[in-house]
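One letter stands for each residue in the lines below.
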Amino acid sequence: MSKAVSIKNLNFNYDSKQIFSNFNLDINSGEFVSLIGPNGSGKSTLIKIIVGLLEFDGEVYINDLLLNKNNIKQIRKKVGVLLNNVDSQLISNKVFDNIAFPLVNQGISRDKIITSVEDIASKLNIKDLLNKNISEVNNMEKTLINLASVLVYKPEFLIFDEAFENLDKYERDNILTILKNLNKIENITIINVTQNMEDILFGNMILILDNGKIAQYDSNDKIFDNSKIFSKLGLDLPFMVDLSIKLKYYNLIDRIIYDMEEMVDVLWK
């Protein structure tokens, strides 16, 4: 299986503090990874290294390309990144122009740009926003506009660094459902750095960092079956997982159930 990320013997210091020491990690292509951990565990630093914003010792491969000065432009064409400040990636007062900007930079023809922008806007259900000004849209819509500006050039890999922290539950669930579908249908690799434990139910893998080390990295089911790591690191379990564990203790169910409707069906049988 090909690797979206392969990190070998990574070492990184910030001032005099060592963040990573001989750190190794492989993320398979097509996975939806939730990256979690306590504050200061190295999550954002790892993301900045992966997208080429920090110098480091060791080797990092992105989609089999060695991350270095020679390959960074090619890598960034394959990787889309969203940060937690929705306004930081908006470069125009017009919604359409924000989404079209990456294609304009690539010298794509106007007709192809219009087709591509309308296509991705339809997929994200924001076609009605294309003729609006940025001042007329809310934070969720801005997040979707930023996401569209990333997806429009068809990246193979998406990285979100707490990009949805300022959205309410409905807005977050809406965007994460869209991303889950993109991951399944188009096999786009996703890393979502989050502090909201409910978000991790949308991915299929969980990577837990603690003090620059991998505390656990496995499928959701396997991580939740050994959930003591959450309490050990002061992390909350998703509500449905916590409820499932308690009901399993009393032999009312025999597995982790992620969906409330399914839980009700099982309990009422």
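Reading guide: rules and limits
- Residues numbered from 1 in each chain as written.
- Predicted model: local features only at pLDDT ≥ 70, side-chain atom pairs only at ≥ 80, totals over all residues.
- Heavy atoms only, no water.
- Axes fitted to C-alpha atoms, helices over the stretch in contact; angles between N-to-C directions.
- Helix = DSSP H or I, 4+ residues; strand = E, 2+ residues; numbered from the N terminus.
- Parallel < 35°, antiparallel > 145°, perpendicular 65-115°, else oblique.
- Left-handed = near helix turned anticlockwise from the far one by under 90°.
- Contact = heavy atoms within 4.5 Å.
- Nonpolar A, V, L, I, M, F, W, Y, C, P; charged D, E, K, R; others polar.
- Buried < 20%, exposed > 50% of the residue type's maximum accessible area, 1.4 Å probe, protein only.
- 1 Å grid on protein atoms, 1.4 Å probe; cavity = no way out; pocket = protein on both sides within 12 Å on 5 of 7 lines; lining within 4 Å.
- Points joined across faces, edges and corners; volume = space filled by probe spheres on them.
- Salt bridge = Lys/Arg side-chain N within 4 Å of Asp/Glu carboxyl O.

A.B. asks: Run through the packing of helix 3 (residues 95-105) against helix 5 (residues 139-151), naming residues and quoting values.
C.D. replies: Taken N-terminus to C-terminus, the directions of helix 3 and helix 5 make an angle of 30 degrees; their axes are 7 Å apart at the nearest point. With respect to helix 5, the axis of helix 3 lies roughly parallel. Between helix 3 and helix 5 lies a crossing whose hand is right-handed. In this structure, helix 3 contributes Val95, Asn98, Ile99 and Pro102 to the contact, and helix 5 contributes Ile145, Ala148 and Ser149. When its residues are assigned to classes, the contact of helix 3 with helix 5 shows 5 nonpolar, 2 polar and no charged.

A.B. asks: Tell me what's going on with the environment of Lys246, and back it up with residues and numbers.
C.D. replies: Secondary-structure assignment places Lys246 in helix 9 (residues 239-249). Residue class for Lys246 comes out partly exposed when judged on its relative accessible area of 49%.

A.B. asks: Describe the layout of surface pockets, naming the residues involved and giving the relevant values.
C.D. replies: Of the pockets and cavities examined, the largest pocket occupies roughly 610 Å³. Among the secondary structure elements, those contributing two or more residues to the lining of the largest pocket are helix 2 (72-78), strand 6 (79-82), helix 3, helix 5 and strand 7 (157-161). Taken together, the residues of the lining of the largest pocket break down into 14 nonpolar, 7 polar and 3 charged.

A.B. asks: How would you summarise the pattern of salt bridges if you had to cite specific residues and measurements?
C.D. replies: Under the counting rule described, the total for this entry stands at 10 salt bridges. Across the pair Asp225 and Lys248 runs a salt bridge, and its minimum N-O distance is 3.9 Å. Placement of the pair is Asp225 in helix 7 (residues 220-225) and Lys248 in helix 9, with a sequence separation of 23 residues. Residue Lys248 is classed as partly exposed on the basis of its relative accessible area of 29%. In this structure, a network of salt bridges that share partners links the residues Asp119, Lys123 and Glu186.

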